[in-house]
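Residues per chain are reported as follows:
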Amino acid sequence: MTAPQQVNQAPALPHSPRPIILIGGGGIVRDAHLPAYRKAGFGVAGIYDLDASKAQALARDFGIPRVYASLAEAVTAAPQDSIFDIAVPASAIYGILRELPRGSYALIQKPLGETLDQARVLRDFCQAQEITAAVNFQLRCAPYVIAARELIDRGILGEIHDMEVRVTVETPWHLWTFLEGIPRLEILYHSIHYLDLMRSFLGEPRGVYARTVRYPGLDKLAGTRSAMLLDYGDFLRATITTNHHHIWGPRHQESYVKWEGTRGAIKATLGSLIDYPKGIPDTLEYITLDDGRPGEWQSIPVKGSWFPDAFIGTMSSLQRYAEGSAWDLPTSVEDAYRTMALVKAAYQSSAAGGIPILE
Ligand SMILES: NC(=O)c1ccc[n+]([C@@H]2O[C@H](COP(=O)([O-])OP(=O)(O)OC[C@H]3O[C@@H](n4cnc5c(N)ncnc54)[C@H](O)[C@@H]3O)[C@@H](O)[C@H]2O)c1
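Residues numbered from 1 in each chain as written. Predicted model: local features only at pLDDT ≥ 70, side-chain atom pairs only at ≥ 80, totals over all residues.

I tried to follow the sheet that holds strand S6 (residues 132-135) on my own but got confused; where do I start?
The strands making up a sheet associate through backbone hydrogen bonding, with each pair oriented either parallel or antiparallel. Read from one edge of the open sheet, six strands run S3-S2-S1-S4-S5-S6, paired in parallel fashion. Looking along the sheet, the strands with just one partner apiece sit at the ends: strand S3 (66-67) and S6. Summarising the sheet, strand S5 (residues 105-108) and S6 pair through four bridges and their orientation is parallel. Bridge assignment links Ala106 to a residue of S6, and that residue is Ala133. Packed onto the sheet, helix H2 (residues 52-62) meets strand S2 (44-48) and S3 and runs at close to 160 degrees relative to S2. (Pairing = 2+ DSSP bridges. Helix = DSSP H or I, 4+ residues; strand = E, 2+ residues; numbered from the N terminus. Contact = placed C-beta atoms within 7 Å. Axes fitted to C-alpha atoms, helices over the stretch in contact; angles between N-to-C directions.)

For this particular structure, what's the right way to read the environment of Ile23?
When you line up the elements, Ile23 lands in strand S1 (residues 20-23). Spatially, the C-alpha atom of Ile23 lies 4.8 Å from that of Ile86, the residues being 63 residues apart in sequence. Beyond its immediate sequence surroundings of up to four residues, Ile23 is in contact with Tyr48, Leu71, Ala74, Phe84, Asp85, Ile86, Val88 and Ile96.

Sorry if this is basic, but what is going on with the domain arrangement of the protein chain here?
Accessible area lost upon the coming together of the parts is a frequently used measure of interface size. The assigned domain composition of the protein chain is domain 1 (12-137 + 310-327) and domain 2 (140-309). With 16 residues of domain 1 at the contact, the number on the domain 2 side is 16 residues. If you list the elements that add at least two residues to the side of domain 1 that touches domain 2, you get helix H1 (27-40) and helix H8 (306-323). The leading source of residues in the side of domain 1 that touches domain 2 is H1, at six residues. Tallied by class, residues from the side of domain 1 that touches domain 2 come to nine nonpolar, three polar and four charged. (Domains from an automatic or database assignment. Nonpolar A, V, L, I, M, F, W, Y, C, P; charged D, E, K, R; others polar.)

Could you clarify how one ought to interpret the site of the ligand in this entry?
In the region of the ligand, 26 residues are neighbours, and Gly24, Gly26, Gly27, Ile28 and Gln109 sit closest. Looking at the shell around the ligand, the elements with two or more residues in it are H1 and helix H4 (93-97). Ranked by residue count, the leading element in the shell around the ligand is H1, at three residues. Per-class residue counts for the shell around the ligand are 14 nonpolar, eight polar and four charged. Two domains share the shell around the ligand, each providing at least three of its residues, namely domain 1 (12-137 + 310-327) and domain 2 (140-309). (Near = placed C-beta within 6 Å.)

Mind showing me how you'd approach the environment of Arg338 here?
Note that Arg338 resides in helix H9 (residues 333-352). As for Arg338 and Ile156, which are separated by 182 residues in sequence, their C-alpha atoms are 28 Å apart. Excluding residues within four positions of it along the chain, Arg338 makes contact with Arg199 and Glu204.

Mind showing me how you'd approach the pairing of S1 here?
Looking along a regular strand, one sees the side chains alternate between the two faces of the sheet. Alternating positions in S1 separate into two faces, Ile20 and Leu22 on one and Ile21 and Ile23 on the other, with burial throughout. Direction of pairing for S1 relative to S2: parallel, over a ladder of four bridges. Residue pairing across strands places Ile20 opposite Val44, the latter belonging to S2. Assessed by its sense of winding, the connection that carries the chain from S1 through H1 to S2 is right-handed. (Buried ≥ 20, exposed ≤ 12 C-beta atoms within 10 Å, placed from the backbone. Right-handed = clockwise from strand over helix to strand, strands pointing away.)

Just checking my understanding: could you explain the nonpolar core for this structure?
A general trend in soluble globular proteins is that nonpolar side chains are found buried together. Core analysis: the largest hydrophobic core is formed by 102 residues, its most contacted members being Ala106 and Val343. Mapped onto the domain boundaries, this core takes at least three residues apiece from domain 1 (12-137 + 310-327) and domain 2 (140-309). In contact with Ala106, other than residues within four places in its own chain, are Phe84, Ile86, Leu97, Leu100, Ile131 and Ala133. (Core = buried A, V, L, I, M, F, W, Y, C linked by C-beta atoms within 7 Å.)

What exactly am I supposed to notice about H1 here?
Note on helix geometry: an α-helix contains 3.6 residues per turn, so any two residues three or four positions apart are oriented the same way. Its 14 residues place the ends of H1 20 Å apart at the C-alpha level, agreeing with the 20 Å of an ideal helix rising 1.5 Å per residue. Most pronounced at His33, the bend in H1 amounts to some 30 degrees, and the proline Pro35 follows within four residues. Next to the buried residues of H1 lie S1, S2, H2, strand S4 (83-86) and H8. Immediately downstream of H1, the backbone of Gly41 shows phi near 80 degrees, a positive value. (Expected span 1.5 Å × (residues − 1). Bend = angle between axes of the 7 residues up to and from the residue.)

Right under this line is the structure:
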């Protein structure tokens, strides 16, 4: 077995990257999409945003050759083999997909619509129009996640019986004004990454127990803190807890994913979420049994981070699928639909409440 220290942390790249057409040029495009593509050497042919000044500023800062005045112009001017990279609020996705030529390739920012009904419409539309579409669930491609998956595939954990995501941070919700007034927030827009991640490691859960709660005084925001337990039967505990209002400074902020098995454990800290969007370095550690007893925790230096490196992975997987160098599309709209179904079930569980205590 290769030494765990030598574990791969980077996604496979396409042989001949296709040009990217950006639709939407907001915060995530500036902070993650474009820095990732620059790092990977992917070419962006043009950009369109409803707010032309944002598109122009990004074009200037990242050397994008064309700013389109309309979506129609973006579609017409796009080279034939382009990948459309859609990064707009969920409510705007359908209007954009409808303008894409039949047979296009598209990477869509999560979530896949605001509800499961919308997700179904988007998925079915892509199928009907033969649009090959993936959803940008890029946490699956964060360097520490790629490494953890490889270690797990090598069998160092034995049987996994525990997977935990815990986030205690101060999230600047005010950066996303489109979140104000929407009925579903934290699970749909943030924890959805963890639900998707758990599905990618553990498969489909039988069900979910969940509760999401609001923060006092934030009248415009729906639930911003959540606790969820995915039901994988009697021997596997899978939990997600997020507190985005830990306003008490960095000392007790934390954000990690941990996998525990019968023969070892892996813990990755997600530095990107601390002091977002600046972030702090990530860490990756593992431990295994040594002569039947726990050895020492070992550190693996993390190369890159969730933001922006993971964004190389989701774009690469669609590019590779498009060029035929990969046979599957892990975050296809069909797969993303199942994550959306889990989101819906979580909100249903939260609304239904716990078992009343009768005495
Ligand atoms: N880790 C992640 O995957 C991650 C992180 C942050 C945001 N996001 C997602 O990315 C999307 C955008 O988030 P953001 O932070 O960039 O928001 P933002 O508000 O900063 O930017 C959204 C941009 O979309 C543009 N826009 C809206 N409708 C449009 C349309 N019909 N055509 C063209 N442009 C349009 C707006 O003008 C704005 O510039 C959201 O769906 C969000 O959930 C994902």
